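# Descriptive analysis of the structure
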Amino acid sequence: MDHTEKTARDPHLAWALYLARRGWPVFPLHPGTKNQPAVKDWEHRATTDPARLHRCWQGGEWNVAVATGPAGLVVVDCDLPKPGQDGPAGADALAEVAAGRGGPLPATWTVTTPSGGTHRYYLAPAGVRLRNSAGRIAPRVDIRAGGGYVAAPGSSTDRGVYRVTDDTDPVELPAWLVQVCTERTTVTPTHTTRPTGAPGKPGGATSAYVAAAVAAETAAIRAAAAGTRNDTLSRSAYALGQLVGAHALPEPDALAALEDAWAAWGDESSAAKDLGPRGVIATALAAGKANPRRNLGRSAA
């Protein structure tokens, strides 16, 4: 059987190849399962190489998994309550968190699971590598990121098939959700932010928290729409000023990050006609320094 015939006859292989073309490393799961990898060391063996995928799927009609960390994805997994469980569905709980944070929950690539839940695929934020969590964001809301995987569309269990229900190209994880993940899950910095550190907490959870906070605030500035930029820049500068005041982030680093994010606005960078962006940054940063952040990184420890 040639590759074309094999692909036509095996929808699992077809999905594996499709996902690989998107740049998402995949690996096989045992048929009919969602959490039984068919290979050891799956995070490192996941691949986008078509030849390797063809060879692998010659051995059986395996289910398909996406290795979220190597794919540069953060998948928000929203489940339904199990029989006898109280409380909202994961999607409703996530919407409540979004409303409380005043943040959008933009359309993105979404897969419906056989149980009726959803997997919302987001691009991982620059600057931090989020890790897995279960129920920390909200009840029945899990995060699949570094060290994790999800059963991909086309995979099936005895309850049904994983199906794409929104083929919108994945968008970046919203800044507010980055912040929630930072506060409530483990993160690993992927760039060299070197805070002076709170007393007794050099590096570790504190530096991870600071790296993620800088990434979230600068992402919010870059994404700010016209008409909201002054407020966004002020809020983000104030938040980073609090880290400066806590001796967790050097002030020159905070200024550089804020000005680099503001520069992304290009010619439309007049955030405030009276002060200008640099004035907004200076004023808000000073206010934040006067009210330093407390208990840095406590929830990530």
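Residues numbered from 1 in each chain as written. Predicted model: local features only at pLDDT ≥ 70, side-chain atom pairs only at ≥ 80, totals over all residues. Heavy atoms only, no water.

## Things to note about the layout of surface pockets
Threshold: Each cavity reported here is a set of points on a 1 Å grid over the protein atoms alone in which a 1.4 Å probe fits but cannot get out, each pocket an open set with protein on both sides within 12 Å along at least five of seven lines, and each lining residue one with an atom within 4 Å of a point. Grid points are joined across faces, edges and corners, and a volume is the space filled by probe spheres set on the points. Strands are runs of DSSP state E lasting at least 2 residues, helices are runs of H or I lasting at least 4, and numbering of each runs from the N terminus. Polar here means any residue outside two lists: the nonpolar Ala, Val, Leu, Ile, Met, Phe, Trp, Tyr, Cys and Pro, and the charged Asp, Glu, Lys and Arg; Gly therefore counts as polar.
In this structure, the largest pocket encloses a volume near 950 Å³. Contributions of two or more residues to the lining of the largest pocket are made by α7 (175-184), α8 (204-223), α9 (229-245) and α10 (251-263). In terms of residue count, α8 provides more of the lining of the largest pocket than any other element does, 11 residues in total. In terms of residue class, the lining of the largest pocket is built from 20 nonpolar, seven polar and nine charged. Within this model, the second largest pocket holds a volume of roughly 540 Å³.

## So, helix α4 (residues 50-57)
Threshold: Only protein chains enter the accessibility calculation, which uses a 1.4 Å probe. A residue is then buried if its area is under 20% of the maximum for its type, exposed if over 50%, and partly exposed in between. Each C-beta atom gives one direction from the helix axis, and the arc is the one those directions make.
Every buried residue of α4 is listed here: L53, H54 and W57. Seen along its axis, α4 keeps its buried residues to an arc of 100°; they face one direction.

## A few points about the packing of aromatic side chains
Basically, it comes down to this: Note on aromatic pairs: the rings of Phe, Tyr and Trp (six-membered ring only in Trp) are paired at centre separations within 6.5 Å, and the planes decide the class, stacked below 30 degrees, edge-to-face beyond 60, tilted for the rest.
Counted under the stated rule, the structure contains seven aromatic pairs. Ring centres of W24 and Y121 lie 5.5 Å apart, and the angle between their planes is 25°; this geometry places the pair in the stacked category. Of this pair, W24 sits in the loop between α2 (11-21) and β1 (26-29) while Y121 sits in strand β5 (residues 118-123); the two residues are 97 residues apart in sequence, bridging distant segments of the chain. Residue W24 shares its accessibility class with Y121, and that shared class is buried. In this structure an aromatic cluster arises from ring pairing among W24, W109 and Y121.

## Regarding the pattern of salt bridges
Selection criterion: Only one rule defines a salt bridge in this text: a Lys or Arg side-chain nitrogen within 4 Å of an Asp or Glu carboxyl oxygen.
Tallying each qualifying case throughout the model produces four salt bridges. R22 serves as the salt-bridge partner of D169, at 3.0 Å between the closest nitrogen and oxygen. Here the residue D169 occupies a position in the loop between β12 (163-166) and β13 (171-172), and R22 occupies one in the loop between α2 and β1, the gap between them amounting to 147 residues. The class for R22 is partly exposed, based on a relative accessible area of 26%. Between E251 and K289 there is a salt bridge, and its shortest N-O distance comes to 3.0 Å.

## Quick word on the sheet that holds strand β2 (residues 63-67)
Two pairing modes exist for strands in a sheet, parallel and antiparallel, and in both the strands are linked by backbone hydrogen bonds. Which entries qualify depends on this criterion: Strands pair, by our definition, only if DSSP identifies at least two bridges between them. Axis geometry follows a simple rule: fit a line to the C-alpha atoms, using only the stretch in contact for helices, then measure angles between N-to-C directions, giving values from 0 to 180 degrees. In what follows, residue pairs with any heavy atoms lying within 4.5 Å of each other are defined as contacts.
Judged by pairing direction, the sheet is antiparallel, and its three strands sit side by side in the order β1-β2-β9 without closing on themselves. With partners counted over all chains shown, the strands left at the sheet margins are β1 and β9 (149-151), one partner each. Direction aside, neighbouring strands of the sheet carry axes that sit 35° apart on average. Judged from the four bridges that link them, β1 and β2 form a sheet pairing that is antiparallel. Bridging from a neighbouring strand, L29 pairs with N63 of β2. Each of β1 and β2 touches α2; the most contacted strand, β2, lies at about 15° to it.

## A short note on the environment of R120
For the record, the criterion: A 3.5 Å cut-off defines polar contacts: any pair of N or O atoms within that distance qualifies, except that in protein one atom must be a possible hydrogen donor and the other a possible acceptor, and neighbouring residues in sequence count only when both atoms are side-chain atoms.
Relative to the elements of secondary structure, R120 occurs in strand β5. The contacts of R120, once residues within four sequence positions are left out, are V74, V75, V76, L94, L105, P106, A107, T108, W109 and T110. At 3.0 Å, the side chain of R120 forms a polar contact with the side chain of Y122.

## Comments concerning the nonpolar core
So the rule is basically this: Buried residues of nine kinds, namely Ala, Val, Leu, Ile, Met, Phe, Trp, Tyr and Cys, make up a nonpolar core once their side-chain atoms join them within 4.5 Å.
One finds L19, W24, F27, V66 and Y121 to be the most contacted residues of the largest nonpolar core, which totals 30 residues. Among all residues touching F27, those that are not within four sequence positions of it are P37, V39, W42, A46, W57, N63, V64, A65, A67 and Y149. A93, L94, V178 and A215 belong to the second largest nonpolar core, which has 24 residues in total.

## Quick look at the environment of G154
Relative to the assigned elements, G154 resides in the loop between β9 and β10 (156-157). The exposure class assigned to G154 is buried, which follows from its relative accessible area of 15%. Put simply, G154 and H12 are 142 residues apart on the chain and 5.8 Å apart in space, counted from C-alpha to C-alpha.

## Observations regarding the confidence of the model for the protein chain
Spelled out, the test is: Values of pLDDT, the confidence the predictor places in each residue, fall between 0 and 100.
Here the protein chain averages 81 in pLDDT, and 81% of its residues register 70 or above. pLDDT under 50 marks residues 1-8. Its contacts with residues more than four places away, or in other chains, come to 10 contacts. Counting contacts from residues 268-275, a segment whose pLDDT is below 50, to residues more than four positions away or on other chains yields 13 contacts.

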